[in-house]
Amino acid sequence: MARQFFVGGNFKMNGTKESVTKIVESLNAADLPANVSVVIAPPAPYISLAVEKNTQKTVEISAQNVYTKASGAYTGEISANQVLDLGATWTLTGHSERRTLIKESDEFIAEKTKFALEQGLSVILCIGETLEERKADVTLQICARQLDAVSKIVSDWSKIVVAYEPVWAIGTGLAATPEDAQETHKGIREHLAKTIGAEQAEKVQILYGGSVNGKNAVEFKDKVDVDGFLVGGASLKPEFVDIIKSRL
Ligand code: PGA
């Protein structure tokens, strides 16, 4: 079955009013393919700005993180409901930088994912192994554990996109080979088939993330289980448009 090509841009903690405006305006000016879903995740303080500036129908705005509650005494946290109120429609959950730096557990990430979905956001759920785990040949076990935490409490995966991002490939310039990515994506889909059912697993878009750029994106073109990309560094640059167009 044909899954729609999907490109996410994760700006991480980068940018200013001026630079976020520039990126959105350059996307507005680009001739983007109508059959590619694009989601950009600016830092939370710039979500409104990105929503207001965006004129592309195929581009949606995402948060990078949300909390497990709608509102209350949770200083510094980001509410899914407030993100929706600003006009964003997506959030990331489980990015490896939050798993490692902020020490978010699989269970906490699963709770966030569940709550965000219940409020009406779609979710890009990030998973992936560290270099040590890859060397120990436990990549699929790690991905399975991270996915299982979510599938235990979420049964409808129609609003979830999975981003497989090996930690060793993020921001290093060392992307996984298209063959390695395909093999892992296939394993992820087979695992999902066992846990959420073959029908849902077939529909879930699985993105590859980690040092994707305007040049290497086309190399993944014929990989049947690579349904798109989650892009960090290159999403801040003009080459992001080349990545969006890499399947043309
Ligand atoms: P990168 O980051 O493209 O800069 O490697 C990817 C990500 O962390 O989503």
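Everything below is about the structure printed above this text.
To keep things clear, this report deals only with the structure shown in the data block. Only a predicted model underlies this, so the values are computations on that prediction, with no experimental measurement involved.

## Brief notes about the side chain of R189
Of note, R189 is situated in helix α8 (residues 178–196). Discounting chain neighbours no more than four positions away, the residues touching R189 are R3, A201, E202, V204, I206, D225 and D227.

## Some words on the pairing of strand β7 (residues 206–209)
Both faces of β7 are covered, namely the face carrying I206 and Y208 and the face carrying L207 and G209. Summarising the sheet, strand β6 (residues 160–164) and β7 pair through three bridges and their orientation is parallel. From the neighbouring strand, V162 faces β7, where its bridge partner is I206. Of the pairings in the sheet, the one linking β7 to strand β8 (residues 228–231) comprises three bridges and is parallel in character. Paired with Y208 across the strands is F229, a residue of β8.

## Topic: the side chain of R3
Examined against the element boundaries, R3 turns out to sit in the segment before β1 (5–10). A relative accessible area of 15% means that R3 is categorised as buried. Within polar-contact distance, the side chain of R3 engages the backbone oxygen of V224 at 3.0 Å. Of note is the side chain of R3, whose polar atom sits 2.9 Å from the side chain of D227.

## What about the sheet that holds β6?
Strand order in this closed barrel of eight strands is β1-β2-β3-β4-β5-β6-β7-β8, and the pairing throughout is parallel. Between one strand and the next, the sheet's axes are offset by a mean angle of 25°, whatever the strand orientation. Alignment of β1 against strand β2 (residues 36–41), held across six bridges, turns out to be parallel. Within β2, the position partnered with G8 by the bridge is V39. Along the sheet, helix α5 (residues 106–119) contacts β4 (90–93), β5 (122–127) and β6; its crossing angle with β5, the most-contacted strand, is approximately 165°. The strands touched by α8 are β5, β6 and β7; relative to β7, the strand with the most contacts, the crossing angle is about 145°.

## Some points on the site of the ligand
Around the ligand, the structure places 13 residues, and the nearest of them are K12, H95, E165, G171 and S211. Separating an oxygen atom of the ligand from a side-chain N or O atom of H95 is a distance of 2.6 Å. In this structure, S211 approaches the ligand through a main-chain N or O atom, which is 2.7 Å from an oxygen atom. For the ligand, whose unbound accessible area comes to 290 Å², protein coverage reaches 95%. Here the shell around the ligand is composed, by residue class, of four nonpolar, seven polar and two charged.

Thresholds, definitions, all that
As a convention, each chain's residues are numbered from 1 in the sequence order in which they are written. Reporting in this predicted model follows two pLDDT cut-offs: at least 70 for local features of residues, and 80 or more for side-chain atom pairs to be given and counted; totals over whole chains, interfaces and linings ignore these cut-offs and use all residues. With hydrogens and water excluded, all non-hydrogen atoms of the structure serve as input to the side-chain values. In this text, helices come from DSSP runs of H or I with a minimum length of four residues, and strands from runs of E with a minimum of two, each type numbered from the N-terminal end. Residue contacts are counted whenever heavy atoms from the two residues lie within 4.5 Å of one another. Burial classes follow relative accessibility: with a 1.4 Å probe on protein chains only, a residue under 20% of its type's maximum area counts as buried, one over 50% as exposed, and anything between as partly exposed. In this description, strands pair whenever DSSP reports at least two bridges between them. For this analysis, a polar contact is any N or O atom pair within 3.5 Å, provided that within protein one partner can donate a hydrogen and the other can accept it, and provided that sequence-adjacent residues contribute only side-chain to side-chain pairs. Fitted lines through C-alpha atoms give the axes, limited to the stretch in contact for helices. The angle between two N-to-C directions lies from 0 to 180 degrees. Being near a molecule or strand, for a residue, comes down to having at least one heavy atom within 4 Å of it. Where accessible areas are quoted, they stem from the Shrake-Rupley method and a 1.4 Å probe; at the residue level, only the protein chains shown are allowed to cover. Asp, Glu, Lys and Arg are counted as charged, while Ala, Val, Leu, Ile, Met, Phe, Trp, Tyr, Cys and Pro are counted as nonpolar; the rest, among them Gly, fall into the polar class.

Bear in mind that shape data such as this cannot, by itself, settle questions of function.
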